[in-house]
Amino acid sequence: MIDFTDKIILAPMAGICDLPFRLLCKEQGCDIVYTEMISAKGMYYNNKNTEPLLMTDDKEKGSKVVRSSIWYTIANVSIRAVAIITTPIYTGMLTTADYGKANTFNSWIDVFNVFACLCVVYSIGRAKLDFPDKFDEYMSSLQGLSSSFGFILLILAFIFRESLSGWIHYEVPLAVGLFAYLCVSPSVEYMMQKCRYEYRYKENILISVITCVGQVALSILLMLLFNDRRYIGKILGVMLPTAIMGIIFYIRFIVKGRVFYNKEYWIYAQIGRAHV
């Protein structure tokens, strides 16, 4: 009989508790870990996507996992600290109305991002197990899927730009720019997830630091330039560093994976939709 007294237990969460995530939790002091919820029907019919969910690998429980988890935690804490420190700077430079408009625009980005990127980012961890020798191809194709859909939304946003502008209450260039941003910005998250599952913690941290510092520095600079409408400077200051890095990673994925469309990968990636 297992004693659960004073134990830290990782719940079985579908789409979350894959092998890399369980190992990270175990190394951080979790006493009991569970695989994600698995379909009994899938096991009965020997579904090819079900068996990998039960995999464990002792080779992945080395010091690399420990270093990765420790530095990942340090990076997250540091970035949150920067956000706290810079908040008084932003509030001092922006009026209450401008501060609200800048934050509301960021909320619109989060809302439309759910549809633009199709939530395929949730399939990356599982794909690392299912396509270990073709992971670069999968990532390239994954990006092709989300950017294609994002480009379709961009075209629609441009066609109906006046209506869109009136609906979200922002200038037409910002409204259309939002969807242009969503065509490339997911590539940053894809790269960070790829680094995470390959335990390349240094690259992951570097991406986070560059994005954070770049957003702060550029936001302050642009707010000074857009003196009459500083909320625009704040919005652009957040979007531009991520967009530039997104373009770089987009090209890097395509060059390395050399696959834009692959029917098998595109269908596989849709499992992410179930985990929104």
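Above this text you will find the structure in question.
Residue numbering note: each chain is counted from 1, following its sequence as written. With the structure being a predicted model, the display of local features is reserved for residues of pLDDT at least 70 and the display and counting of side-chain atom pairs for 80 or more, all residues being used for whole-chain, interface and lining totals. Excluded from the side-chain calculations are hydrogens and water; all other atoms, namely the structure's heavy atoms, are used.

Colleague: Help me out: how do you make sense of a nonpolar patch on the surface in this one?
Modeller: The patches reported here contain residues having more than 30% relative accessible area and no salt bridge. Joining distances are 9 Å for like charges and 5 Å for nonpolar side chains (Val, Leu, Ile, Met, Phe, Trp, Tyr). Reported accessibility uses the Shrake-Rupley method at a 1.4 Å probe radius. Residues are deemed covered only where the shown protein chains occlude them. By definition, a salt bridge exists where a carboxyl oxygen of Asp or Glu is found within 4 Å of a side-chain nitrogen of Lys or Arg. A contiguous nonpolar patch, built from Val111, Val114, Phe115, Phe149, Phe151, Ile152, Ile155, Leu156, Phe158, Ile159 and Phe160 and spanning about 1,000 Å² of accessible area, is present on the exposed surface. In this text, helices come from DSSP runs of H or I with a minimum length of four residues, and strands from runs of E with a minimum of two, each type numbered from the N-terminal end. Where the nonpolar patch is concerned, the elements lending two or more residues are helix H4 (96-116) and helix H6 (135-159). Among the elements that take part in the nonpolar patch, H6 stands out by supplying seven residues, more than any other. If you trace the backbone, Val114 turns up in helix H4.

Colleague: Which parts of the structure should I look at to understand the pattern of salt bridges?
Modeller: Should the charged atoms of two oppositely charged side chains come close, the side chains can pair. Applying the stated rule across the entire model yields six salt bridges. Where Asp136 meets Lys194, a salt bridge forms, and the shortest distance between an N and an O atom there is 3.1 Å. Pair noted here: Asp136 is in helix H6 and Lys194 is in helix H9 (residues 186-197), with a separation of 58 residues, a long-range link. What makes Asp136 partly exposed here is its relative accessible area of 26%. By relative accessible area, Lys194 is classed as buried at 4%. Linking Glu198 and Lys194 is a salt bridge whose minimum nitrogen-to-oxygen distance equals 3.0 Å. Under the scheme applied here, a residue whose accessible area is under 20% of the maximum for its type counts as buried, over 50% as exposed, and between as partly exposed, the area being computed with a 1.4 Å probe on protein chains only. Judged by relative accessible area, Glu198 falls into the partly exposed class, the value being 22%.

Colleague: Got a minute to help me understand the packing of helix H7 (residues 161-168) against helix H8 (residues 172-184) in this structure?
Modeller: Packed helices, taken two at a time, are described by the angle between their axes plus the distance between the axes. A fitted line through C-alpha atoms serves as each axis, taken over the contacting stretch for helices, and the angle formed by two N-to-C directions is quoted from 0 to 180°. Interaxial distance between H7 and H8 falls to 9 Å at its minimum, and their mutual angle equals 100 degrees. In terms of axis orientation, H7 runs roughly perpendicular to H8. Only Val172, Ala175, Val176 and Phe179 of H8 make contact with H7, whose side of the interface consists of Arg161, Glu162, Leu164, Ser165 and Ile168. Per-class residue counts for the contact of H7 with H8 are six nonpolar, one polar and two charged. With respect to orientation, any angle under 35 degrees is reported as roughly parallel, any angle over 145 as roughly antiparallel, any angle of 65 to 115 as roughly perpendicular, and every other angle as oblique. Whether two residues are in contact is decided by their heavy atoms, any of which lying within 4.5 Å being enough. When residues are sorted by character, Ala, Val, Leu, Ile, Met, Phe, Trp, Tyr, Cys and Pro go into the nonpolar class, Asp, Glu, Lys and Arg into the charged class, and all the rest, Gly among them, into the polar class.

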